[in-house]
Amino acid sequence: MLNIVFYEPRIPGNTGAAIRLAACTGASLHLIEPLGFDFSDAHLKRAGLDYHDIASLIIHNNYDDFLATTNGARIFAFTGHTANNYADVRYQPGDYLLFGPEPTGLPARIVQDSSITQAVRIPMMPHLRSLNLANAASIAVYEAWRQLGFNGSAPFS
């Protein structure tokens with residue numbers, strides 16, 4: 001399935017929401033340390049509700065440790081510093097959707113790293129800084145999952 005990746009997330013509520021997103025979509029959530037919180041944080045627990053036990057969550061010590069687990073899969077870096085539209089990508093099972101920390105986004109050294117398949121952007125109104133991290137991940141995951149035919153989802157009745 002798909003992989004959501006948060007590089008050094010800072011806000012526990014966003015990570016909690018991503019845990020729920022991963023559980024609801026069948027995606028895996030990868031967190032790259034250092035984290036700006038610990039897992040006892042009440043905001044993290046509240047946002048993730050009871051989905052912590054059913055979500056696939058992997059924590060990596062650093063970016064290099066994360067890369068060692070990807071087996072050369074495609075990695076899409078979400079950033080406001082590109083003209084490439086995320087919706088123009090033809091997503092594949094196993095793709096990694098990489099997002100940066102809330103206050104700053106992904107550092108240029110990560111976006112420009114040779115491991116990145118493509119830097120992509122979610123369109124928004126001009127002169128605005130960014131979307132909420134959990135919202136951006138949701139937009140991207142659901143577009144990728146839609147392209148994959150919502151594989152594994154419950155049938156519509």
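Everything that follows concerns the structure shown earlier in this document.
Residues numbered from 1 in each chain as written. Predicted model: local features only at pLDDT ≥ 70, side-chain atom pairs only at ≥ 80, totals over all residues. Heavy atoms only, no water.

Undergrad: Before we move on, can you summarise the overall build of the protein chain with the specific residues and values?
TA: Within the protein chain, the regular secondary structure consists of 5 helices and 6 strands. Starting at the N terminus, the α and β elements of the protein chain follow one another as β-α-β-α-β-α-β-β-α-β-α. Computed over the C-alpha atoms, the radius of gyration of the protein chain is 15 Å, within 12% of the 15 Å expected from 2.2 N^0.38 for a compact globule of 157 residues. Along the three orthogonal principal directions, the C-alpha set of the protein chain runs to about 40 × 35 × 35 Å. Per-residue burial for the protein chain yields a buried fraction of 42% across its 157 residues. Contacts spanning at least 24 positions in sequence make up 75% of the contacts within the protein chain whose residues lie at least 6 apart. Of note, the protein chain has its 10 positive side-chain charges centred 8 Å away from the centre of its 13 negative side-chain charges. (Helix = DSSP H or I, 4+ residues; strand = E, 2+ residues; numbered from the N terminus. Rg over C-alpha atoms; globule rule 2.2 N^0.38 Å. Buried < 20%, exposed > 50% of the residue type's maximum accessible area, 1.4 Å probe, protein only. Contact = heavy atoms within 4.5 Å. Lys, Arg positive; Asp, Glu negative; His and termini not counted. Charge placed at Lys NZ, Arg CZ, Asp CG, Glu CD.)

Undergrad: Would you mind going over the packing of aromatic side chains in detail, with residue names and values included?
TA: For any pair of aromatic rings, geometry is given as the distance between the ring centres together with the angle between the planes. Going through the model one piece at a time under the given rule, you end up with 9 aromatic pairs. Summarising the aromatic geometry, the rings of F66 and Y96 are spaced 5.5 Å apart at their centres and angled 75° between planes, so their arrangement reads as edge-to-face. Placement of the pair is F66 in helix α3 (residues 63–67) and Y96 in strand β5 (residues 96–99), with a sequence separation of 30 residues. The class for F66 is buried, based on a relative accessible area of 0%. Seen from their ring centres, Y142 and W145 are 5.6 Å apart, and the 65° between their planes marks the pair as edge-to-face. Residue Y142 and its partner W145 are located together in helix α5 (residues 133–147), separated by 3 residues, close to a single helical turn. A relative accessible area of 5% places W145 in the buried class. One aromatic cluster is present, formed by F6, F78, Y86 and F99 through successive ring pairs. (Phe/Tyr/Trp six-rings, centres within 6.5 Å; stacked < 30°, edge-to-face > 60°.)

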